[in-house]
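# Notes for the structure review
Chain by chain, the residues:
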Amino acid sequence: MVCVQLGLAASIGLIDRLGADGTAWLRLVWAGLVLALLVRPPLREFTRRGLLTCALLGVVTAGLTFLFMAAVARIPLGTASALEFLGPLGVAVARGRGRARLWAVVAAAGVLLLTEPWHGGVDAGGAGFALAAAACWAGYIVLTQKVGDEATGLRGLAVSLPVAGLTATAVVAVTDLHAVAAALDLRLVLVGLGLAVLLPVVPFSLEMLALRRLTAGAFGTLMALEPAIALVVGLIALHQVPGWSAVVGVGFVVAAGVGAERTGARPTVVVPEPASPVSCSTSM
C-alpha cells in the first residue's frame, strides 16, 4: 500500500505532461514488459480457464488504473483512495463472516469521515471516476485471488499485466495518441519505467502473494489502511492538508485494518500424509 500511494503521488507530476490516460498507459506498458521478461510465463502450462481469468484480470487492472488516475487528477489523493476503498469494502461485506463484517462497518464510518460528503464541494467527475475505480478494485481482488490459486509464483501476474498494457495501448490509441506521442521523450520513458516498478510491479506482486493466504473479504478489509496511507502521503508529498474529520477517519480505518488482520486468515488446506508402508514381517 505504501508503494501504491508513493507511486500515485509521483505519477501526479506526469499528468501535466502526458495527461491522466498517458500516465496510466506508460506505467502499464512498462509493467507488462518488465514482468513478461523477468518471469517468462510458460503459456502452454495454463489451462484455457486460467488464461481467460488472467486476461480478464488484465482488462480490469487497466480499467482500475485509468479510472483512478482520472480521479486523482481532479480530487485529493486521500479522498480518491477513500472512495475507491468502497470496492474492497463491498467485497468484505459480501464475503466476510462474523466479526469481519463488523470491521467493514467500522471502516465504512472511517471512509465517511475521510470524504466528508456533508460538506460537498468534491468534484463530481473526480468522485465518479473514483467510484468506478472502486468497482474495478472489487473485481481485481476476486480475480487476483483466482489467478493466484491457479498459477504458481508470479506467472499469472506476468500474463495479466501484459494484457493490461495492451488494453491501455488500445485506449490511448483511441483517446490521446497524438498528444502522448508528442509529449514523450527519453527522460519521461525512463521515469515511466521507475514508476512501473514502484506501481504496479512490486505492490501487485505482493498482493497476489497475500491473497494466497487471506480470504478476499479479509484482504478487502485490510485495504482499509489504504486511505490512511494516502492521507499521509498526500500531506507529505503533495501538501494536501487534512481536516480534523479526516484524522478521526484515519483512526477508524486503522482500527478496522487491525481487527481484520486478527480474524481473516484463509482456511489452511491440510494435505494428508502418505500412509506408512505395511510391514511384511509376522509377529511371533
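The structure this text deals with has already been given above.
Note that residues are indexed from 1 along each chain, following the sequence as it is written. Thresholds applied to this predicted model are a pLDDT of at least 70 for local features of residues and 80 or more for the giving and counting of side-chain atom pairs; totals over whole chains, interfaces and linings are not thresholded and use all residues. Computation of side-chain values: all heavy atoms of the structure, hydrogens and water removed.

## Quick notes on the packing of aromatic side chains
When the centres of two rings from Phe, Tyr and Trp lie within 6.5 Å, Trp using its six-membered ring, the rings pair. Their planes under 30 degrees apart give stacked, over 60 give edge-to-face, and anything left gives tilted. Going through the model one piece at a time under the given rule, you end up with one aromatic pair. Centroid distance tyrosine 140 to phenylalanine 204: 5.1 Å. Interplanar angle 45 degrees. Geometry classified as tilted. Taken together, the residues tyrosine 140 in helix α6 (residues 124–150) and phenylalanine 204 in helix α9 (residues 186–211) connect sequence positions 64 residues apart. Side by side, tyrosine 140 and phenylalanine 204 carry an identical accessibility label, which is buried. A run of DSSP states H or I qualifies as a helix once it reaches four residues; a run of E qualifies as a strand once it reaches two. Both are numbered from the N-terminal end. For each residue, the accessible area found with a 1.4 Å probe, counting protein chains only, is set against the maximum for its type, and the residue is called buried under 20%, exposed over 50%, and partly exposed in between.

## Focus: empty space enclosed by the protein
A pocket, in this scheme, is an open set of points on a 1 Å grid over the protein atoms alone with protein on both sides within 12 Å along at least 5 of 7 lines, while a cavity is a set where a 1.4 Å probe fits but cannot get out; residues line either one if an atom lies within 4 Å of a point. Grid points are joined across faces, edges and corners, and a volume is the space filled by probe spheres set on the points. Enumeration according to the criterion identifies one cavity of 30 Å³ or more in this entry. The computed volume of the largest cavity comes to approximately 190 Å³. Taken together, 15 residues form the lining of the largest cavity, with Val4, Leu64, Glu84, Leu199 and Phe204 sitting closest to its centre. Among the secondary structure elements, those contributing two or more residues to the lining of the largest cavity are α1 (2–39), α2 (48–72) and α9.

## Considerations on the environment of glycine 234
In this structure, glycine 234 sits in helix α11 (residues 225–238). Along the chain, glycine 234 and leucine 6 lie 228 residues apart, while their C-alpha atoms are 9.0 Å from each other. The contact partners of glycine 234, leaving out residues within four places of it in the chain, are Leu77, His239 and Gln240. Between two residues, a contact is recorded if the distance between any of their heavy atoms is within 4.5 Å.

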